[in-house]
Amino acid sequence: MNKELISGGEALLRSLKNEGVDTLFGYPGGSIIPVFDSLYDYRDDFRNVLVRHEQAAVHAAQGYARSSGKVGVCIVTSGPGATNTLTGISDALLDSTPVVVIAGQVSSAVLGTDAFQEIDLVGVTQPISKWSYQIRNAEDVAWAVSRAFYIARTGRPGPVVLDFTKDAQMAKVLYEPVKVESVRSYIPYPTPCKDAIEKAAELINRAKRPFALIGQGVELANAHQEVIDFLEKANIPAARTLLGLSAFPSDHPLCMGMLGMHGNLGPNVNTNECDVLIAIGMRFSDRVTGDMETYAKQAKIIHLDIDKVEIDKNISIDIPVLGDCKETLPMITELLHENNHKEWIDSFAEFDAIEKEKVIDKALYPADGPILMGEVARKVSEATGHTALLVTDVGQNQMFAARYFKYKEPHSIITSGGLGTMGFGLPAAMGATMGAPHRTVCYFAGDGGFQMNMQELGTIMEQKCPVKMVVLDNCFLGMVRQWQNLFYDNRYSWTPMWNPDFCKIAEGYGIPSRFVKDRADLDSAIKEMFETEGAFLLNVVVRHEDNVMPMMPLGASVNEMILE
């Protein structure tokens, strides 16, 4: 192969092409100009998305990655451009999202001098990324990019940061593609232990009350059918984490609902009643376990995970099954006996009936009064035949939407789980429309979170992203207000909000919208939203003081949920 003399900036773009990248989210600046100058000649090779804020670039790349299964990529400048990405990088790490963040850096000659817009990005991002590396030589570009993508996408996915000095972007290099296929001491796919597989199967076969917890790891591994085969063979009831909600269909007879602080009553209570707990691709977050000292103490626990770090990190495990669950699940399933746990499965129905009466019917079918968040979420889900890709912001809107949407297809929820990032939803939703253009993307936000990255309406306008946006407007920072209501004697300190006219703002961006305050107008407004081509903003005024129930108070046990 004949090597060609090109700039480091162009070498970056060729390397991205070699990795199959087709979409870039970014924002130019002084220290990254050489890359953007090279990009001018590669406009036909990439969809270049100019976001309105660098934080939004990473969130958009996350939405793209989680909807497409590819690695999301964003390119920003040094200094504030780079530091604006830190929230997104942190979010991607906690939610195992493969993104590569490429940031410009001052020239090598002035590194360490506090030059204009210089920041030690490698030092800042090492704790919040899978790998962080500074490119100082154009000769290292092809290797660094290939290594970055290999690390980001393999094993437990996550963010990688490349800090690219300006002189390396401008220097000439005899470019030759590089393909990194291994990294010393990095073992992304552990070899399953046959002994652990056999012990897990034996324990499940003896179980009287087995219970499976399904996490996002199933989605990341594309192990949806493997989970179904596993559960159906041994007749095991299962519940999903927030990020794993679409890993197992909502209407499957073995699906018992959602786990966690605002999950369903039955799965949470029966976590402390099962005799064998099988955790698949989840990390025992505190939002799922509640009080870890009282969590599932009666049960033997089997944990299937690809990341050794998660084993015994929060909860003591009896049988760890390390490996990709797409590989380990069938190995266990093959050894399982066909079983029947009807009495155990029926026990969940008793809690379902209680929750339906005390929580769900009140949230979905109010007799009168203001519109409720839960009924909006369910009506929107029904309008799509429960096939939409749900993207949420963070807060009450997130929990109501997650609870009352239904999920028929895999990869149907994108939300900020581990970091809980307000402002995540709008850019993630626009990224999702690019990663999965064949899907209907519904974005839910509260009035607080919507305003944190509202400037991305400009990107949605420019890129013609067909996001169906639903703002649940209660003039409060709703989740904080709920805690103030329940635990701080209604002292609403800095949570009431005065809001602008969101429909007029949408109009300024050329985006159609509808304002709804009366329940009688809700159905027609939802219909109009889905019949309108392209983006649409539905601003729904909802009850000002609505609470998400059930709720597991902070520090309480999973069987101590409050219902009203």
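Above this text sits the structure in question.
Since the structure is predicted, the reported quantities are computational estimates derived from the model, not experimental observations.

The next point concerns the overall build of the protein chain. Tallying secondary structure elements over the protein chain gives 23 helices and 20 strands in all. Taking 24 Å as the expected radius of gyration for a compact globule of 564 residues, we find that the protein chain reaches 24 Å, a close match to that expectation. Put simply, the protein chain has 564 residues, and 60% of those count as buried. Taking all contacts inside the protein chain whose residues are at least 6 apart in sequence as the whole, residues at least 24 apart take part in 77%.

Our next topic: the packing of aromatic side chains. On inspection of all chains with the given rule, the structure shows 14 aromatic pairs. Where Tyr133 meets Trp143, the ring centres are 5.3 Å apart and the plane angle is 80°; that geometry is what we call edge-to-face. Of the two residues, Tyr133 sits in strand β6 (residues 131–135) while Trp143 sits in helix α7 (residues 141–153), which places them ten residues apart along the sequence. Overall, the relative accessible area of 31% leaves Trp143 in the partly exposed class. One aromatic cluster is present, built from ring pairs that chain together Trp131, Tyr133 and Trp143. Sitting above the plane of the Trp131 ring, Arg147 keeps its charged end 4.5 Å from the centroid.

Attention now goes to the environment of Val106. Residue position: Val106 is located in the loop between β5 (99–105) and α6 (121–125). The class for Val106 is buried, based on a relative accessible area of 7%. For the pair Val106 and Asp167, spaced 61 residues apart in sequence, the C-alpha separation works out to 7.9 Å. Once residues lying within four places of it in the same chain are set aside, the contact partners of Val106 are Ser31, Leu111, Ala115, Phe116, Gln117, Glu118, Thr165 and Lys166.

With that settled, the discussion passes to the pattern of salt bridges. Enumeration over the complete set of coordinates arrives at 26 salt bridges. Among the salt bridges present, the one from Arg14 reaches Glu4, with a minimum N-O distance of 3.1 Å. Pair noted here: Arg14 is in helix α1 (residues 8–18) and Glu4 is in strand β1 (residues 4–7), with a separation of ten residues, a long-range link. On the accessibility criterion, Arg14 (21% relative accessible area) is partly exposed. Here Arg519 and Glu375 are joined by a salt bridge, their closest N and O atoms 2.7 Å apart. Placement of the pair is Arg519 in the loop between β19 (513–516) and α23 (522–531) and Glu375 in helix α16 (residues 373–383), with a sequence separation of 144 residues. Taken together, the shared-partner salt bridges in this structure form one network comprising Arg156, Asp307, Glu310 and Lys313.

Calculation notes
- Residues numbered from 1 in each chain as written.
- Predicted model: local features only at pLDDT ≥ 70, side-chain atom pairs only at ≥ 80, totals over all residues.
- Heavy atoms only, no water.
- Helix = DSSP H or I, 4+ residues; strand = E, 2+ residues; numbered from the N terminus.
- Rg over C-alpha atoms; globule rule 2.2 N^0.38 Å.
- Buried < 20%, exposed > 50% of the residue type's maximum accessible area, 1.4 Å probe, protein only.
- Contact = heavy atoms within 4.5 Å.
- Phe/Tyr/Trp six-rings, centres within 6.5 Å; stacked < 30°, edge-to-face > 60°.
- Lys NZ or Arg CZ within 6 Å of the ring centre and 35° of its normal.
- Salt bridge = Lys/Arg side-chain N within 4 Å of Asp/Glu carboxyl O.

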